[in-house]
Amino acid sequence: KQEVEKQLEKGVRSLTHLARFDPYIGGKEFTHADCAAFVHLPLLSMATKKAYGRDFIDEFMPAARAYLKMVGERPHAQKVNADRKAAQDAYAAAKAAKK
């Protein structure tokens, strides 16, 4: 767990050197990089909170919150978020049903 934590920190710090958030992750245009970032950054945030008790996105990439909110206003991003929430709810219900 400690080894992975160090690698994750290194990876997120590296991303901070590449991410522009101007307004998109790579600059002025919305690209595939934004599609990937919009899906993966919240997962990284949730996973690091759960595994390490700290949010690597808030800690190392505070500009990402405003970026995720802005991208989240796009109709396709709203669909992705709705689908993710439905999947998480279904997983939680299935897990509760097994108890």
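It should be noted that the structure appears before, not after, this text.
Residues numbered from 1 in each chain as written. Predicted model: local features only at pLDDT ≥ 70, side-chain atom pairs only at ≥ 80, totals over all residues. Heavy atoms only, no water.

### Thoughts on the pattern of salt bridges
How we decide: The term salt bridge refers to a side-chain nitrogen of Lys or Arg lying within 4 Å of a carboxyl oxygen of Asp or Glu. Each helix corresponds to a stretch of at least 4 residues labelled H or I by DSSP, and each strand to a stretch of at least 2 residues labelled E; elements are numbered beginning at the N terminus. For every residue, the accessible area obtained with a 1.4 Å probe (protein chains only) is divided by the maximum for its type, and the residue is called buried under 20%, exposed over 50%, and partly exposed between those limits.
Per the stated rule, a full pass over the model turns up 11 salt bridges. Two residues, E9 and R13, come together in a salt bridge whose shortest N-O distance is 3.7 Å. Pair noted here: E9 and R13 are both in helix 1 (residues 2-18), with a separation of 4 residues, about one helical turn. Owing to a relative accessible area of 42%, R13 belongs among the partly exposed residues under this scheme. With a shortest N-O distance of 2.8 Å, K85 and D89 are connected by a salt bridge. Residue K85 and its partner D89 are both found in helix 5 (residues 75-98); the two are separated by 4 residues, about one turn of the helix. The class of D89 is partly exposed, set by a relative accessible area of 42%. Salt bridges here are not isolated pairs; linked through shared partners, they connect E5, E9, R13, R54 and E59.

### Some details on the packing of helix 2 (residues 32-52) against helix 4 (residues 63-71)
Defined as follows: The angle between two axes is taken between their N-to-C directions and runs from 0 to 180 degrees, where each axis is a line fitted to C-alpha atoms and a helix contributes only its stretch in contact. Between 65 and 115 degrees an angle is taken as roughly perpendicular, under 35 as roughly parallel, over 145 as roughly antiparallel, and anywhere else as oblique. Helix crossings fall into two classes, left-handed where the near helix is turned counterclockwise from the far one by less than a right angle and right-handed where it is turned clockwise. We call two residues contacting when some pair of their heavy atoms lies within 4.5 Å. Only Asp, Glu, Lys and Arg are considered charged, only Ala, Val, Leu, Ile, Met, Phe, Trp, Tyr, Cys and Pro nonpolar, and every remaining residue, Gly among them, polar.
Look at helix 2 against helix 4: their axes get within 11 Å of each other, and the N-to-C directions meet at 125 degrees. Looking at the two axes, helix 2 sits oblique to helix 4. Remark: the crossing between helix 2 and helix 4 carries left-handed chirality. Contacts between helix 2 and helix 4 involve D34, A37, F38, L41, P42 and S45 on the former and, on the latter, A64, R65, Y67, L68 and V71. Taken together, the residues that form the contact of helix 2 with helix 4 break down as 8 nonpolar, 1 polar and 2 charged.

### A few points about the packing of aromatic side chains
Aromatic ring pairs are reported here in terms of the distance separating the ring centres and the angle at which the planes meet. Note the cut-off: Here a Phe, Tyr or Trp ring, Trp counted by its six-membered ring, pairs with any other such ring whose centre lies within 6.5 Å, and the pair is stacked when the planes are under 30 degrees apart, edge-to-face when over 60, and tilted otherwise. Charges are assigned to positions over rings by a cutoff of 6 Å between ring centre and Lys NZ or Arg CZ, combined with an angular limit of 35 degrees from the ring normal.
Tallied over the entire structure, the rule returns 4 aromatic pairs. Measuring from centroid to centroid gives 5.0 Å for F21 and Y67, while their planes differ by 55 degrees, and the two rings are tilted. Placement of the pair is F21 in the loop between helix 1 and helix 2 and Y67 in helix 4, with a sequence separation of 46 residues. Given a relative accessible area of 2%, Y67 falls into the buried group. On the basis of an interplanar angle of 80 degrees and a centroid distance of 5.5 Å, the ring pair of Y24 and F30 is categorised as edge-to-face. Y24 sits in the buried class, given a relative accessible area of 16%. Put simply, the rings of Y52, F56 and F60 pair up and form one aromatic cluster. A cation sits over an aromatic face here: R74 above F30, 3.8 Å from the ring centre.

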